[in-house]
Amino acid sequence: FHGKLGNVAFTPALVPAIIATANREYALEAYPGGGEVVKPYKKNAFGAGLIPLAFEGTIAASGRVGIVIGGGGGAAYFNRRIPDPGETRFNFLADGHTGLYLRSAIGVTTVGFRLQHISNGNTGHVTPGMDSRMLYVGYSR
């Protein structure tokens, strides 16, 4: 959709690599004098996903500068249960972002803030969820 002030676009995204760090894991350790204790430790998980329901709108402040606002939802699958061994490998993704775009003769550079949420959507024993806040830079021609 194109309008006088800007446009709205359908922007699905493939998420080829997700690294979820410091997920809980547990191991049994033997005491030197006998008995066992459960010791927690942290382990990374790797996944990939798809955000098929994604939209992005731009508002033109001038011909060269504008505002970007977008969001979407999808799913991801991980090589282990996250963020706890009692949870699920399949998780839902939610994404929201805002920023500025700068148009030049060689392309468009976008600089902004992104919030992503990963959660199993109540399909595991508990639904702790994980949020990522990040600054991003993008370029397109």
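A few points on the structure. Keep in mind it's a predicted model, so treat the numbers as computed, not measured.

**Some remarks on the nonpolar core**
In this structure, Val15, Ile18, Ala20, Ala45, Ile51, Ala54, Ala76, Phe78, Ile82, Leu93 and Ile118 together form the largest nonpolar core, which totals 11 residues. Elements with a minimum of two residues in this core: strand E2 (13–30), strand E3 (36–60) and strand E4 (65–82). Not counting the four nearest positions on each side in its chain, leucine 93 is found in contact with Val15, Ile18, Ile51, Gly72, Gly73, Gly74, Ala75, Ala76, His117 and Ile118.

**Examining the packing of aromatic side chains**
Counted according to the given criterion, the structure contains 2 aromatic pairs. Both rings, one in phenylalanine 90 and one in phenylalanine 92, keep their centres 5.2 Å apart while their planes meet at 85 degrees; by these two values the pair is edge-to-face. Looking at phenylalanine 90, the relative accessible area reads 38%, which means it is partly exposed. Take phenylalanine 92: its relative accessible area is 38%, and that puts it in the partly exposed class. Here arginine 114 stacks its cationic end above the ring of tyrosine 136, 4.7 Å away from the centre of that ring.

How each quantity is defined
- Residues numbered from 1 in each chain as written.
- Predicted model: local features only at pLDDT ≥ 70, side-chain atom pairs only at ≥ 80, totals over all residues.
- Heavy atoms only, no water.
- Core = buried A, V, L, I, M, F, W, Y, C linked by side-chain atoms within 4.5 Å.
- Buried < 20%, exposed > 50% of the residue type's maximum accessible area, 1.4 Å probe, protein only.
- Helix = DSSP H or I, 4+ residues; strand = E, 2+ residues; numbered from the N terminus.
- Contact = heavy atoms within 4.5 Å.
- Phe/Tyr/Trp six-rings, centres within 6.5 Å; stacked < 30°, edge-to-face > 60°.
- Lys NZ or Arg CZ within 6 Å of the ring centre and 35° of its normal.

Read these as spatial facts, not as claims about activity.
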